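# Working through the structure, step by step
The lines below spell out each chain.
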Amino acid sequence: MKRSILLLLAGILATTVSLAQVTGRRTIKGLQSPESVVAWKNGYFVSQMGYAPDPAAKDGNGAIAFVKGRKIKYPRYFNDTLHAPKGLTIIGHTLYVTDIDHLKGYDIRNRKKVFDLNLEDRAGMLNDITPANDSLLVMTDSFKGDVWLVNPHSVTMKRLGNIPAANGVLYNPLTDELYVCSMGPDMNGKGLLWHRKLNVNGDVFEPVKNSPTGLFDGIVQLDSSHLCLSDWTTEIKIKQGPKYGTLHVYDLSTGDDFPVLVKQSPADIALDKRKGLLIPVMLNNTLEIWSPEETESIYVPVITGGKPGTASAPVDRSH
């Protein structure tokens with residue numbers, strides 16, 4: 001009897017320790033409509049569209065915050081007028097941000113603006129952005145659907161294709177694969193995951209095998225076999241918002257899609273340097289910082305107990 005009790009207690013203790021490791025999530029409160037996030041050294045830059053989340057309003061309410069530890073250290077890191085900043089990425093010491101019809105760059109060290117590409121006559125609503133290498137960027141325009149390759153040094157652009165309501169973008173230099181997730185025609189929630197080779201002339205965007213469907217925002221590569229897409233759900237109402245959002249874990253090798261419920265309005269997700277998931281929860285005005293263990297729980301079979309996307313305790317379903 002004593003041995004049985006000891007074994008039971010050992011099992012409970014092991015489970016408790018395991019869940020404690022997996023659920024090490026931090027939530028940063030007090031942001032204003034956070035849209036995108038990028039890790040920098042021991043903190044995170046977060047784009048904020050302002051207290052009124054209008055993605056196309058030139059109202060001057062936008063800002064880039066810097067988060068460190070468990071708080072917002074600088075709510076406005078750069079002293080420059082921004083309207084509805086969205087996608088963020090960093091090359092060297094320059095942080096690039098899309099702001100409706102401008103692509104701007106800021107030197108992180110001195111906080112000065114060092115680049116401003118004015119696309120008022122060409123862009124609709126610039127959205128996500130990702131580096132292709134140390135001198136090229138790939139950028140999406142959700143209103144016009146264009147996907148652009150931008151050289152900020154020569155200030156030149158090349159159109160890579162057109163996808164209805166193109167949003168999140170990701171480039172894998174090891175496979176030369178460029179991925180773009182979309183929100184669907186007229187942002188109707190029937191968006192797909194598209195791909196093409198970046199450096200193959202004449203290649204065009206096509207949906208991936210068994211593409212998931214949704215109102216997709218951000219995209220990250222979890223490992224060599226799995227992508228993760230954030231999905232607002234099939235209908236978006238800015239003032240009320242859907243009750244839940246979804247993370248779609250897409251298996252590149254099999255074409256399988258494993259959905260995981262999360263809080264409403266998961267925007268442009270990212271990974272930190274430890275491979276922990278970063279989720280701007282726009283309508284909650286928060287940034288969720290997941291531990292690497294919690295992030296792995298949505299796609300690593302040994303943690304989920306069978307197949308990706310089946311985690312229950314690590315994923316917050318209480319809302």
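## Structural notes on the pattern of salt bridges
Taken as a whole and judged by the stated rule, the model has 10 salt bridges. Note that Asp80 is salt-bridged to Lys113, the shortest N-O span being 3.6 Å. Of the two residues, Asp80 is situated in the loop between β5 (71–74) and β6 (85–91) and Lys113 in strand β9 (residues 112–118); the sequence distance between them amounts to 33 residues. Between Arg109 and Asp107 there is a salt bridge, with the nearest N and O atoms lying 3.2 Å from each other. By relative accessible area, Asp107 is classed as buried at 10%. Within this structure, Arg25, Lys263, Glu288 and Glu294 form a network of salt bridges that share partners.

## Focus: the sheet that holds strand β17 (residues 206–207)
Spatially, 4 strands are ordered β14-β15-β16-β17 in an open sheet, and the strand pairing comes out antiparallel. One side of each edge strand has no neighbouring strand; the edge strands of this open sheet are β14 (166–172) and β17. Summarising the sheet, strand β16 (residues 193–197) and β17 pair through 2 bridges and their orientation is antiparallel. Its bridge partner lying in β17, His195 is registered against Glu206.

## Quick notes on the packing of aromatic side chains
Scanning the model with the defined rule gives 8 aromatic pairs in all. Judged by centre distance (5.0 Å) and plane angle (55°), the rings of Phe45 and Phe66 are tilted. Placement of Phe45 in strand β3 (residues 43–48) and of Phe66 in strand β4 (residues 63–68) is noted, with a sequence separation of 21 residues between them. According to the relative accessible area criterion, Phe66 is buried, its value standing at 7%.

## What about the pairing of strand β21 (residues 257–263)?
Pairing geometry for strand β20 (residues 244–251) and β21, over 7 bridges, is antiparallel. Across the sheet, the residue bridging to His248 is Pro259, located in β21. Linking β20 to β21, which pair antiparallel, is a turn of 5 residues; within it Gly255 sits at a positive phi near 80°.

## Comments concerning a positive patch on the surface
Together, Lys68, Lys71, Lys73 and Arg111 line one region of the surface with positive charge. With respect to the helices and strands, Lys71 occurs in strand β5. Among the residues examined, Lys71 registers a relative accessible area of 56% and is labelled exposed.

## Structural notes on the sheet that holds strand β8 (residues 102–107)
Hydrogen bonds between backbone atoms are what pair the strands of a sheet, whose relative direction is either parallel or antiparallel. Taken in spatial order, the 4 strands line up as β6-β7-β8-β9 in an open sheet, and their pairing is antiparallel. Of all strands in the sheet, those bounded by a partner on one side alone are β6 and β9. Here the average twist between neighbouring strands, direction ignored, is 20°. Strand direction decides the pairing type here: β8 and β9, joined by 6 bridges, are antiparallel. Residue pairing for β9: His102 is matched across the bridge by Asn118.

## A closer look at the nonpolar core
Counting 17 residues, the largest nonpolar core has Leu222, Leu247, Leu277 and Ile298 as the members making the most contacts within it. When residues of this core are traced back to their parent elements, those giving at least two are β18 (216–223), β20, β21 and β23 (277–281). In contact with Leu247, other than residues within four places in its own chain, are Cys228, Leu229, Ser230, Phe258, Pro259, Val260, Val262, Leu277, Ile279, Trp290 and Ile298. Formed by 15 residues, the second largest nonpolar core is a distinct cluster that contains Leu136, Leu149, Leu160 and Ile163.

## Here's the deal with the pairing of strand β2 (residues 34–40)
Within β2, 7 of the 7 residues are buried, which leaves the element mostly enclosed by the surrounding structure. Linking β2 back to β3 in an antiparallel pair, the connection comprises 2 residues, with Lys41 at a positive phi of about 50°.

## Side note on unusual backbone geometry
Most peptide bonds take the trans configuration, and most residues that are not glycine carry a negative phi. Look at Arg111: it is not a glycine, yet its phi comes out positive at around 65°. Its place among the elements puts Arg111 in the loop between β8 and β9.

## Details of the environment of Ile64
Assignment of secondary structure puts Ile64 in strand β4. Assessed through its relative accessible area of 1%, Ile64 is described here as buried. Each C-alpha atom, one on Ile64 and one on Val46, is 5.6 Å from the other, the two residues being 18 residues apart in sequence.

Criteria and thresholds
- Note that residues are indexed from 1 along each chain, following the sequence as it is written.
- Per-residue local features are limited, in this predicted model, to residues with pLDDT of at least 70; the limit for side-chain atom pairs, both in listing and counting, is 80 or more; totals at the level of whole chains, interfaces and linings are taken over all residues.
- Values shown for side chains rest on all heavy atoms present in the structure; no hydrogens or waters enter the calculation.
- For salt bridges, the criterion is a side-chain nitrogen of Lys or Arg within 4 Å of an Asp or Glu carboxyl oxygen.
- Each helix is a run of DSSP H or I of at least 4 residues and each strand a run of E of at least 2, with the numbering of both proceeding from the N terminus.
- The classification of residues rests on relative accessible area computed with a 1.4 Å probe and restricted to protein chains. Under 20% of the type maximum is buried, over 50% is exposed, and intermediate values are partly exposed.
- Whether two strands pair comes down to DSSP finding at least two bridges between them.
- Aromatic rings from Phe, Tyr and Trp, with only the six-membered ring used for Trp, were paired whenever their centres fell within 6.5 Å, and each pair was classed as stacked if the ring planes differed by under 30 degrees, edge-to-face if by over 60, and tilted otherwise.
- Patches were defined on residues exceeding 30% relative accessible area and lacking a salt bridge, with like-charge contacts within 9 Å and nonpolar side-chain contacts (Val, Leu, Ile, Met, Phe, Trp, Tyr) within 5 Å.
- All accessible-area figures derive from a Shrake-Rupley calculation using a 1.4 Å probe, and residue coverage is judged against the displayed protein chains alone.
- The charge count treats Lys and Arg as positive and Asp and Glu as negative. His and the chain ends do not count.
- Here the site of a charge means NZ on Lys, CZ on Arg, CG on Asp, or CD on Glu.
- To obtain each axis, a line is fitted to C-alpha atoms, and for helices this fit is confined to the stretch in contact; angles are then taken between N-to-C directions over 0 to 180 degrees.
- Definition of nonpolar core: a set of buried residues of the types Ala, Val, Leu, Ile, Met, Phe, Trp, Tyr and Cys, connected through side-chain atoms within 4.5 Å.
- Here a residue-residue contact requires only that any non-hydrogen atoms of the pair lie within 4.5 Å.

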